[in-house]
Amino acid sequence: SATEALADKIKDGMTLAVGGFGLCGIPEALIDAVRASGAKNLTVISNNAGVDGFGSGRLLETRQVRKMISSYVGENKEFERQYLSGELELEFTPQGTLAEKLRAGGAGIPAFFTKTGFGTVIAEGKETRVINGENYVLEHSLKADISLVKAWKADTSGNLVYRLTARNFNPECAAASKFTVVEVEEIVERFRDVATAVDERLSTHLSEILEGMYERLRNMEAKIAEKKKNAKKSKPKKKQEHQGPPR
């Protein structure tokens, strides 16, 4: 199970890199396992924090996150509330820069220069440099203690294949940590054509994780359907305008 995969690994104060873009390609069962662990003061590197009640937002509900390193903070009221009230620290990072910071961390590159953010609040307190007549900002790479990743398929050696846009930040997160746990839909003995190979620490029991995730998705779909149904019932009917006799 997801809980067993993370048992004795998640500790207070750790930094987690969590794959996903919005609600696409998120390791939902692993996020629930982190929530169940009760670990506090976590730093979470993730493009965003999902939405209220789903994705990384579930860790915000239980006040387990001290700091978010993200590029998008919309669609989550609890995220907004905690940030504006000073309960949550936020390191706001441009989306492309966030991806490169993770990629660089996985490649052993400590820092890099980018044009993105020069002349804005993003560049405040950071080293800047003129290179070939262009202004650049120095950005440091990111490394996590543990990465939580969602992939489509894996083989028993730990090679991963991602499914279309569900790939998003997952490969970068997988490489940018000391230890990576992968949530997959199918495990095979060996790939004939390996599309992506990023980590070799995959445990064969990860196939069990998906049962809980699919159940949660089904429950969410049912709730959305019920909400739409109730919204239709409560919607006031438009009064028909009285039409006079034809002229």
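Residues numbered from 1 in each chain as written. Predicted model: local features only at pLDDT ≥ 70, side-chain atom pairs only at ≥ 80, totals over all residues. Heavy atoms only, no water.

Topic: unusual backbone geometry
Stage number 1. Backbone geometry places Asn132, a non-glycine residue, at a positive phi of 55°.
Stage number 2. Of note, Asn132 is situated in the loop between strand S6 (128-131) and strand S7 (134-140).
Stage number 3. The phi dihedral of Leu164 falls on the positive side, at around 50°, and the residue is not glycine.
Stage number 4. Tracing the backbone shows Leu164 in the loop between strand S10 (160-161) and helix H6 (170-175). (Helix = DSSP H or I, 4+ residues; strand = E, 2+ residues; numbered from the N terminus.)

Thoughts on the sheet that holds S7
Stage number 1. Taken together, 3 strands build an open sheet; the order of strands is S5-S7-S6 and the sheet is antiparallel. If you trace the sheet from one side to the other, it starts and ends with strand S5 (111-114) and S6, each paired once. For this sheet the average axis-to-axis angle between neighbouring strands, irrespective of direction, equals 35°.
Stage number 2. By the bridge criterion, 4 bridges tie S6 to S7 in an arrangement that is antiparallel. Residue pairing across strands places Val130 opposite Asn135, the latter belonging to S7. (Pairing = 2+ DSSP bridges. Axes fitted to C-alpha atoms, helices over the stretch in contact; angles between N-to-C directions.)

Considering the sheet that holds strand S9 (residues 153-155)
Stage number 1. The strand order across the open sheet formed by 3 strands is S10-S9-S12, and the pairing between neighbours is mixed. Only two strands of the sheet have a single partner each, and these edge strands are S10 and strand S12 (186-188).
Stage number 2. Relative to S12, S9 runs parallel, the two being bridged by 3 bridges. When the sheet's bridge partners are listed, Ala154 is paired in S12 with Ile187.

Things to note about the pairing of strand S1 (residues 15-18)
If a strand is regular, its side chains alternate between the two faces of the sheet.
Stage number 1. By the alternation rule, side chains of S1 split into Thr15 and Ala17 and Leu16 and Val18, which are all buried.
Stage number 2. In this sheet, strand S2 (residues 42-45) lies alongside S1 in parallel orientation, the contact comprising 3 bridges. If you follow Thr15 over to S2, its bridge partner there is Thr43.
Stage number 3. Once you follow S1 into helix H2 (residues 28-37) and on to S2, the crossover reads as right-handed. (Buried < 20%, exposed > 50% of the residue type's maximum accessible area, 1.4 Å probe, protein only. Right-handed = clockwise from strand over helix to strand, strands pointing away.)

What to know about helix H5 (residues 95-107)
Stage number 1. Its 13 residues place the ends of H5 19 Å apart at the C-alpha level, agreeing with the 18 Å of an ideal helix rising 1.5 Å per residue.
Stage number 2. Every buried residue of H5 is accounted for by Thr97, Leu98, Lys101, Leu102, Ala104 and Gly105. For H5, the angular spread of buried residues about the axis comes to 160°, placing them on one side.
Stage number 3. Positive backbone phi, at 80°, marks Gly108, one or two positions downstream of H5. (Expected span 1.5 Å × (residues − 1). Arc of directions from axis to C-beta.)

Examining the pattern of salt bridges
Stage number 1. In total, this model carries 17 salt bridges according to the counting rule given.
Stage number 2. One salt bridge in this structure joins Glu61 and Arg35, with 2.9 Å as the shortest N-O distance. Placement of the pair is Glu61 in helix H3 (residues 57-61) and Arg35 in helix H2, with a sequence separation of 26 residues.
Stage number 3. Overall, Glu61 belongs to the partly exposed group, its relative accessible area being 35%.
Stage number 4. Classification of Arg35 as partly exposed rests on a relative accessible area of 25%.
Stage number 5. Here Arg81 and Glu87 are joined by a salt bridge, their closest N and O atoms 2.9 Å apart.
Stage number 6. Through salt bridges with shared partners, one network takes in Arg63, Glu78, Arg81 and Glu87. (Salt bridge = Lys/Arg side-chain N within 4 Å of Asp/Glu carboxyl O.)

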